[in-house]
Amino acid sequence: MKALVLTEYNKFEIQEVPITATQPDEVLVKVKAVGICGSDVHGMDGSTGRRIPPVIMGHEASGIIEKTGASVTGWQVGDRVTFDSTIYRLDDWYSRKGLYNLSDNRMVLGVSCNEFKRDGAFAEYITVPQHILYKIPDNVSFEYAAMVEPIGVALHAINLTQISVNDTAVVGAPE
Ligand SMILES: [Zn+2]
């Protein structure tokens, strides 16, 4: 597939790269729209340490399911979807409390840092686990759906503030 790869800080190249294998609990999404986040702008020049090259950026996106892993249920080829920017585990303490952006070993799509690297959606395809998917209603465009993540971050921040004032230190964009 074609992908826009950050090959070094402030330098992008369109490259032919292999499509990541779809794990049993993942789906392969054909990307239709992807946003550029402020964190991408501040990451591509090396200032945040969150886009260590080489990496395919892009964590707010939408598309169509092209393929489903063997254990995927409830999602079908052809579904229009968007997804969380953060891939979190379902079975840890934080996730069980709904604090997904704090879960252990979480990864953010399109981020490459010292702890992890997970290629993002500046590409023709992306694989994501089924539990971070959201269906896009028929009357919502792919472009609009790609904007759900930044809105979600803002709403999540508001929710956390309301749940517990002590947790305000964790409020903010996960990436
Ligand atoms: Zn973002």
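> Give a detailed account of the sheet that holds strand S6 (residues 80–83), specifying residues and quantitative values.
Judged by pairing direction, the sheet is antiparallel, and its five strands sit side by side in the order S11-S3-S5-S6-S12 without closing on themselves. The outermost strands of the open sheet, each flanked by one partner alone, are strand S11 (125–129) and strand S12 (133–135). Each strand axis lies, on average, 45° off the axis of its neighbour in the sheet, ignoring direction. Across three bridges, S6 lies against S12 in antiparallel orientation. Bridge pairing in S12 places valine 81 opposite lysine 135.

> Now, about the nonpolar core: what can you tell me, with residues and values included?
Nonpolar side chains in soluble globular proteins tend to be buried together. Counting 33 residues, the largest nonpolar core has Val29 and Ala121 as the members making the most contacts within it. Contributions of two or more residues to this core are made by strand S1 (2–8), strand S3 (26–34), strand S4 (55–56), strand S5 (61–68), S6 and S11.

> Quick one: what's the story with the pairing of S1, residue by residue and with numbers?
With six bridges joining them, S1 and strand S2 (residues 11–16) adopt antiparallel strand pairing. Along S2, the bridge assignment pairs alanine 3 with glutamine 15. Remark: two residues form the turn of the hairpin made by S1 and S2, two consecutive strands paired antiparallel; asparagine 10 in that turn has positive phi of roughly 65°. Here two bridges tie S1 to S4, and the two strands are oriented antiparallel to one another.

Rules used throughout
Residues numbered from 1 in each chain as written. Predicted model: local features only at pLDDT ≥ 70, side-chain atom pairs only at ≥ 80, totals over all residues. Pairing = 2+ DSSP bridges. Helix = DSSP H or I, 4+ residues; strand = E, 2+ residues; numbered from the N terminus. Axes fitted to C-alpha atoms, helices over the stretch in contact; angles between N-to-C directions. Core = buried A, V, L, I, M, F, W, Y, C linked by C-beta atoms within 7 Å. Buried ≥ 20, exposed ≤ 12 C-beta atoms within 10 Å, placed from the backbone.

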